[in-house]
Amino acid sequence: MTQYTVLVVIALSEQETVMHLAEMLAMDRSALARALKPLETQGLIIVEPGRDRRTRLVRLTEQGRQALIETHPYWLQAQEQVIAHFGEQQTHVLLSDLKQVESLGHLT
């Protein structure tokens with residue numbers, strides 16, 4: 001999982017619990033917590049206590065929003081390179097296969 005993807009999901013949810021973000025990203029909660037640490041250290045996100053001790057809320061900072069704006073062209077370029085390498089049809093097949101693999105995690 002790339003930091004870009006994590007930031008996008010946080011940006012789209014505006015403010016969310018670590019548990020729910022982990023579900024949306026199909027990640028283990030502790031793995032997500034480790035992935036969030038460098039983003040917090042860089043000032044791109046804020047992780048703060050929720051309503052009770054068990055929950056932690058995550059939200060994007062203004063610096064995080066700016067980082068997404070600045071890196072978006074690079075993400076688009078990477079997507080274009082994948083399509084150029086595999087072709088549009090094969091890229092769609094690959095993404096479809098990845099979605100099937102992701103759904104296996106929901107079976108357990």
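Look a little higher up for the structure.
Owing to the predicted nature of the structure, the values given are computational and were not obtained by experimental measurement.

**Some words on the packing of helix α1 (residues 3-13) against helix α3 (residues 29-41)**
At step 1: At a minimum axis separation of 11 Å, α1 and α3 run at an interaxial angle of 90°. Overall, the two elements α1 and α3 adopt an arrangement that is roughly perpendicular. Where α1 abuts α3, its residues Gln3, Val6, Leu7 and Ile10 lie against Leu32, Leu36, Pro38 and Leu39.
At step 2: Across the contact of α1 with α3, the residue classes tally to seven nonpolar, one polar and no charged.

**Concerning the pattern of salt bridges**
At step 1: Tallying each qualifying case throughout the model produces three salt bridges.
At step 2: One salt bridge connects Lys37 with Glu40, and the closest N-O pair in it is separated by 3.8 Å. Taken together, the residues Lys37 and Glu40, both in helix α3 and three residues apart, mark about one turn of the helix.
At step 3: A salt bridge links Arg59 to Glu48; the shortest N-O distance between them is 3.3 Å. A residue pair is termed long-range when its members are at least 10 positions apart, and Arg59 in strand β3 (residues 56-60) and Glu48 in strand β2 (residues 45-49) qualify at 11 residues.

**Description of the pairing of β2**
At step 1: For β2 and β3, the ladder comprises five bridges, and the chain directions are antiparallel. For Pro49, the partnering residue across the bridge sits in β3 and is Arg56.
At step 2: Hairpin remark: β2 followed by β3, antiparallel, with six residues in the connecting loop.

**Points about the side chain of Thr61**
At step 1: Tracing the backbone shows Thr61 in the loop between β3 and α4 (62-86).
At step 2: A polar contact is formed between the side chain of Thr61 and the backbone oxygen of Gly43, at a distance of 2.6 Å.
At step 3: If near-sequence neighbours (up to four positions away) are discounted, Thr61 is found in contact with Gly43, Leu44, Ile45 and Ile46.

**Quick word on the sheet that holds β2**
At step 1: An order of β1-β3-β2 is seen for the three strands of this open sheet, with the pairing classed as antiparallel. Only two strands of the sheet have a single partner each, and these edge strands are β1 (15-17) and β2. On average, each strand axis in the sheet is inclined to that of its neighbour by 25°, with strand direction left out of account.
At step 2: Pairing of β1 with β3, which is carried by three bridges, proceeds in the antiparallel orientation. From the neighbouring strand, Glu16 faces β3, where its bridge partner is Val58.
At step 3: Sheet strands in contact with α1 are β1, β2 and β3, and its direction is about 100° off that of β3.

What counts and what doesn't
Residues numbered from 1 in each chain as written. Predicted model: local features only at pLDDT ≥ 70, side-chain atom pairs only at ≥ 80, totals over all residues. Heavy atoms only, no water. Axes fitted to C-alpha atoms, helices over the stretch in contact; angles between N-to-C directions. Helix = DSSP H or I, 4+ residues; strand = E, 2+ residues; numbered from the N terminus. Parallel < 35°, antiparallel > 145°, perpendicular 65-115°, else oblique. Contact = heavy atoms within 4.5 Å. Nonpolar A, V, L, I, M, F, W, Y, C, P; charged D, E, K, R; others polar. Salt bridge = Lys/Arg side-chain N within 4 Å of Asp/Glu carboxyl O. Pairing = 2+ DSSP bridges. Polar contact = N/O pair within 3.5 Å; in protein donor to acceptor, adjacent residues only side chain to side chain.

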